Amino acid sequence: MGASLGFPLEPCAFGSDLCHTVFVSLWPPEPICYPSLPSMRRSSAPSQLQGSLAKKPRFIPPGIIRTSNLNENEKVNELGPNITFTEGETTKNPLLHLQTDSRICNSVLSAVSSKKSAREINIGKSTGKYWPKATGEVSVDTTNTAFVAATEISESKGKEAGPGHSTKYFSVFWRKLSKKKHKKWEGDAILIVSGRSFTLKDLEGRVIGRGTAYTLKDLDNLNEGETTVIGGKEIEVMGKISSDDYNSGRCFQSSVGSSCLTTSQITQKPFSNPVKNICKSNTEEKNIDDSSNFKPRHDPYAQNSFVMPRPDKSHQWIFNKNCLPLVDVVVDPYLVHHLRPHQKEGIVFLYECVMGMRMNGRFGAILADEMGLGKTLQCISLIWTLLRQGLYGGKPIIKKTLIVTPGSLVTNWRKEFQKWLGTERIKVFTLDQAHKIEDFIISPLYSVLIISYEMLLRCLDQIKNIKFDLLICDEGHRLKNSSIKTTTALVSLSCEKRVILTGTPVQNDLQEFYALIEFVNPGILGSLSSYRKIYEEPIIISREPSATQEEKKLGEKRAAELTRLTGLFILRRTQEVINKYLPPKIESVIFCRPGILQIELYRKLLSSQAVRFCLQGILENAPHLLCIGALKKLCNHPCLLFKSLKEKENNSSSEQYEEYNFSEGLIDAYPADYNPNTFSETDSGKLQVLTKLLAAIRELSPSEKVVLVSNYTQTLNILQAVCTRHGYTCTRLDGQTPVVQRQQIVDGFNCKHSSVFIFLLSSKAGGVGLNLIGGSHLILYDIDWNPATDIQAMARVWRDGQKHSVHIYRLLTTGTIEEKIYQRQISKQGLSGAVVDLAKTSEHIQFSVEELKNLFTLHEDSDCVTHDLLDCECVEKKEHQAESLEEPSTYRSCQLGPNHQKLDSKKPLSMSQLKQWKHFSGKHQNLHDPFLERIKENVSFIFQNVTNQAPVK
Ligand SMILES: Nc1ncnc2c1ncn2[C@@H]1O[C@H](COP(=O)(O)OP(=O)(O)OP(=O)(O)O)[C@@H](O)[C@H]1O
Ligand SMILES: [Mg+2]
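Read on for a plain summary of the structure. Predicted model, so just to flag it, every value in this text is computed and none were measured. The residue numbering used here restarts from 1 in each chain and proceeds along that chain's sequence as written. Here every chain gets a letter starting at A, and every ligand a number starting at 1, in the order they are written. Totals for whole chains, interfaces and linings use every residue, but because this is a predicted model, local features are given only for residues with pLDDT of at least 70 and side-chain atom pairs only at 80 or more, for both listing and counting. Hydrogens and waters are ignored; side-chain quantities use all the structure's heavy atoms.

**Some details on the layout of surface pockets**
A 1.4 Å probe that fits but cannot get out identifies a cavity on a 1 Å grid over protein atoms alone, an open set with protein on both sides within 12 Å along at least five of seven lines counts as a pocket, and a residue lines either if it has an atom within 4 Å of a point. Grid points are joined across faces, edges and corners, and a volume is the space filled by probe spheres set on the points. Its volume calculated, the second largest pocket comes out at about 910 Å³. If you trace the second largest pocket, you find 25 residues lining it, with F319, K395, P396, I397 and K497 closest to the centre. Helix and strand definitions here come from DSSP, where helices need a minimum of 4 consecutive H or I residues and strands a minimum of 2 consecutive E residues; each element is numbered from the N-terminal end. Ranked by the residues each element gives to the lining of the second largest pocket, the list is headed by helix α11 (residues 313-319), at 3 residues.

Here's what the structure looks like:
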């Protein structure tokens, strides 16, 4: 390619003697088509190439970075006399061509020592599926890689197309009709023509003109360069657009995400002639006499070396202005032998993103690996590599890194640095009460600052004055709202290499998704309004049941395009990739029979005026949240409801309770001398099960520990009281725990020699990010509307480093609202494949009257309403009665017939998947699980699933 480019083939002055260890770029290594720099969007439009450019300022849609103000001609001149374009290439983006042309990669690398071929970049070996390429293309193992975004989201209104006509699309310039002499085009637009009607849309997707009654001939025969007047606007046709380009939305943002040359570097730095560069580098070279800089820091040819992908020519062109030799970036072997294959893949992904190798001019990434996959280690490896090494002349890529994380994880980050790099290699600074930001600022020792989101806001002014080259936001889904203070604060930092880490899927809400993307790669999806028009609206419309085929198709295409675009810088792998490193996990959903007092109170509550009011269908101001809250409290323990009723009774401002006569008769249902502080364990089905379970664990596995999770502080108080009653040592982490103490508490629990038996955890306060591998039994005492909260909590113990088999118990009160919430979690969320966001609570859920009716029903005669709903064959055959827990999970009694689906753990558990779990009535003779055996008296039903079960010999 580019054969006609007369590039002077001058070898780089550094050189050949380094060839055996360094891959030296012979700049320019071979003839390259250098690009014309401006936005390439419509440079091929004949109207622009016909000399009319000056009077038609190019319109750049928001979000597309302008490359230069120069016009085409000027740029071509700047390329110098030796550079010409081959015919036809002036109208393309040669760089884009370069990047997608694998030959380029080959030719660059051919300058490398012949050892290269004998050598393998070892991550390729280890995963067998992933191979980094110097071209910036990346192939990712898609079996375990679910790129976040929108496979579920689908799609739009193709109103512009009338029936029976093929729709045509044109890119046009437009301006208002005017009699002025010197008229200017106002912008680019897309003209959609269908039969006798047309729609004109600007590049933000807004309709700026619409009309009918044009003769078919007029509109159908529009040709490039032709001008016409439609709907009061003058247009000039620049070219036809394929329906595919329109449907995918590419025509609106064609330079976004397409790896074409839209880099901010080019915007910021003046275009420089490679010939001049060479001269410049020759002089600079004299100043650089430390040739050892040009050696890779670690031997790239050593066995198991882990070498980062090399840059392609366009990257070199942009970032290696001084023509420094290219040096292999090799991850420290000290780290490499710990890395799992998926972590190597993740490190390459992060490296390519922050280096701008995946998308020119974009340096952001979202690593959305599921919980426990070691996002921390992947980042530490990245930081350590970039701090010490660099592609061009070996110059380190970053100097200072800022890590922002929830308060409870600040110390954990420091400990992870120590764990993986020791104390000597790197100095990290954690900001807390004892360590002030001033100390970080004045000390040259520290290259990493770890800070909580809260502290960031407090020290923002000082932090803004520090130059950070890399910004990592842990549990970064909190940045989904662009107007909150934290996001605004982080956006105000000038650092352009930004990484968000999150274990929570980010694509469920398209606007929040936009906010996260906008944070890491500002402008990549255009302005919010254009994003809405081009992606969000068509996608949402296409999901409505009333959507036409056309709308569905458009929405699907737009969703696919959004996935493609964002997939370049979002990576998500699921738990399965580390399953093999983890011990077995036995997950049980336990349906606990409610106590007598519970049932009585429950009935009373359901017949209360408040509940009746909710069911009348007037949902506005209905007290349904109040009722739901009361039922949930009752399920946890009647004493919780008693306390809140008494509080409300004494509190005259609680109009709500009075208005609906809420406590009417309820208090009377409690024994006259009821004392909530000396509560009885038998009054709550779940508490009875819990105490028996704790006793069984204590007795049968005395060395094992328990994590006990609740969403409510008051419930944790009860659970803590139970621990004290039974003499169990416990520790507690909830929203009130001071941040500085959190890690200490976690460490104390995880310590092998600690005497603490139970870790009481408030899932909302401390669920995210914590490692509680000291515990091997995790009990979820109550259920949250949001499956993400529960999933987060469950992931705390089944993690790397866990030595015991893990038991997860989810306690639900049979027949009550808890079962309904569970069903909602697994049916709605499971079916859509989505996990709602952590911040969503029942306040965000809209309930229909039907749903409320269902919620406010007590099923007293069922052992398990959830199982009744499954339509399971075992009901007739009574198979589950006979099933043994020891059977491997492949031998399930309730396999679905033709509807049988393979378990797909990438999605939350669905109803049909639940059917495939082993399940038993509490009356079952032999549960073959010593812990469950001890509790079965109070249990009506159990579902159980075993992951990573040791093979049966
Ligand atoms: N390659 C590895 N070998 C052994 N242990 C590892 C490895 N990678 C990570 N770990 C350990 O696994 C645990 C989980 O890692 P980490 O906290 O980074 O997970 P995460 O992806 O951030 O999860 P979350 O989303 O829950 O925060 C940590 O204790 C970490 O030290
Ligand atoms: Mg984490």
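**Overview of the site of ligand 1**
Any residue with a heavy atom lying within 4 Å of a molecule or strand is counted as near it. Lining the immediate surroundings of ligand 1 are 19 residues, of which H338, G372, T376, E416 and K419 lie closest. L373 places a polar main-chain atom, nitrogen or oxygen, 3.3 Å from an oxygen atom of ligand 1. Here a polar contact is taken to be a pair of N or O atoms separated by no more than 3.5 Å, where protein atoms must pair a possible hydrogen donor with a possible acceptor and residues adjacent in sequence count only if both atoms sit in side chains. A distance of 2.8 Å separates an oxygen atom of ligand 1 from a polar side-chain atom of K375. Note on areas: Shrake-Rupley, 1.4 Å probe, and residue coverage restricted to the protein chains presented here. Burial of ligand 1 by the protein amounts to 93% of the accessible area it has alone, namely 630 Å². Going through the elements one at a time, α14 (375-388) and α15 (410-421) are the ones with two or more residues in the shell around ligand 1. Gly counts as polar in this scheme, as do all residues outside two lists: the nonpolar Ala, Val, Leu, Ile, Met, Phe, Trp, Tyr, Cys and Pro, and the charged Asp, Glu, Lys and Arg. Of the residues contributing to the shell around ligand 1, the split by class is 4 nonpolar, 7 polar and 8 charged.

**A look at the nonpolar core**
In plain words, nonpolar cores are sets of buried Ala, Val, Leu, Ile, Met, Phe, Trp, Tyr and Cys residues tied together by side-chain atoms within 4.5 Å. For the exposure calls, accessible area comes from a 1.4 Å probe over protein chains only, and a residue counts as buried if that area is under 20% of its type's maximum, exposed if over 50%, partly exposed in between. With 124 residues, the main nonpolar core has I383, L402, W413, F417, I463 and L490 as its most contacted residues. Among the elements that line this core, the one with the most residues is α14, at 8 residues. In this structure, this core is formed jointly by two domains, domain 1 (167-241) and domain 2 (582-589 + 680-947), each of which donates at least three residues. Contacts are residue-level and defined by heavy atoms, with any inter-residue pair within 4.5 Å sufficient. Ignoring sequence-local partners within four residues, the contact set of L490 consists of V404, Y453, L456, L471, C473, L479, R498 and F519. Listed in part, the 79 residues of the second largest apolar core include C627, A630, L690 and Y822. The split into domains, and so the bounds of each, comes from an automatic or database assignment of domains.

**Overview of unusual backbone geometry**
Positive phi, normally seen in glycine, also occurs at N304, with a value near 65°. By the secondary structure assignment, N304 is in the loop between α10 (274-287) and α11. Even without being glycine, C323 reaches a positive phi, approximately 55°.

**Some words on the packing of helix α24 (residues 596-606) against helix α26 (residues 624-636)**
Between the N-to-C directions of two axes lies an angle of 0 to 180 degrees, each axis being a line fitted to C-alpha atoms and, for a helix, fitted only over the stretch in contact. Between α24 and α26, whose axes approach to 10 Å, the crossing angle comes to 175°. Between α24 and α26, the interaxial angle falls into the category roughly antiparallel. Listed contacts from α26 to Q598, L601, Y602, L605 and L606 of α24 are A630, L631, L634 and C635. Taken together, the residues that form the contact of α24 with α26 break down as 8 nonpolar, 1 polar and no charged. Throughout this description, any angle smaller than 35 degrees is read as roughly parallel, any larger than 145 degrees as roughly antiparallel, any in the 65 to 115 degree range as roughly perpendicular, and the remainder as oblique.

**Remarks on the sheet that holds strand β14 (residues 498-501)**
Taking strand neighbours across the sheet as the criterion, the 7 strands line up as β11-β12-β10-β13-β14-β9-β15 in an open arrangement whose pairing is parallel. Of all strands in the sheet, those with a lone pairing partner are β11 (428-430) and β15 (570-571), marking the two edges. On the sheet, α14 packs against β9 (365-367), β10 (401-405), β12 (448-452), β13 (470-473) and β14 and is oriented at approximately 175° with respect to β13. Pairing between two strands requires that DSSP report at least two bridges joining them.

**Focus: the sheet that holds strand β17 (residues 706-710)**
By way of backbone hydrogen bonds, the strands of a sheet pair with one another, either parallel or antiparallel. Strand order in the open sheet formed by 8 strands is β18-β19-β17-β20-β21-β16-β23-β22, with mixed pairing between adjacent strands. Two strands close off the open sheet at either side, each with one partner strand: β18 (730-733) and β22 (918-921). Taking each pair of neighbouring strands and ignoring which way they run, the sheet shows an average axis angle of 15°. As defined by bridge partners, β17 adjoins strand β19 (residues 758-762) across 5 bridges and the pair is classed as parallel.

**Some points on the pairing of β14**
Where burial is concerned, the two faces of β14 agree: the one with R498 and I500 and the one with V499 and L501 are both buried. Bridge count for β9 against β14 is 3 bridges, and the pairing is parallel. Looking at the pairing, I366 lines up with I500 of β14. Each parallel crossover has a hand, and for β13 linked through helix α19 (residues 485-491) to β14 it is right-handed. The path from the first strand over the helix to the second decides the hand: if it runs clockwise while the strands point away from the viewer, the crossover is right-handed.

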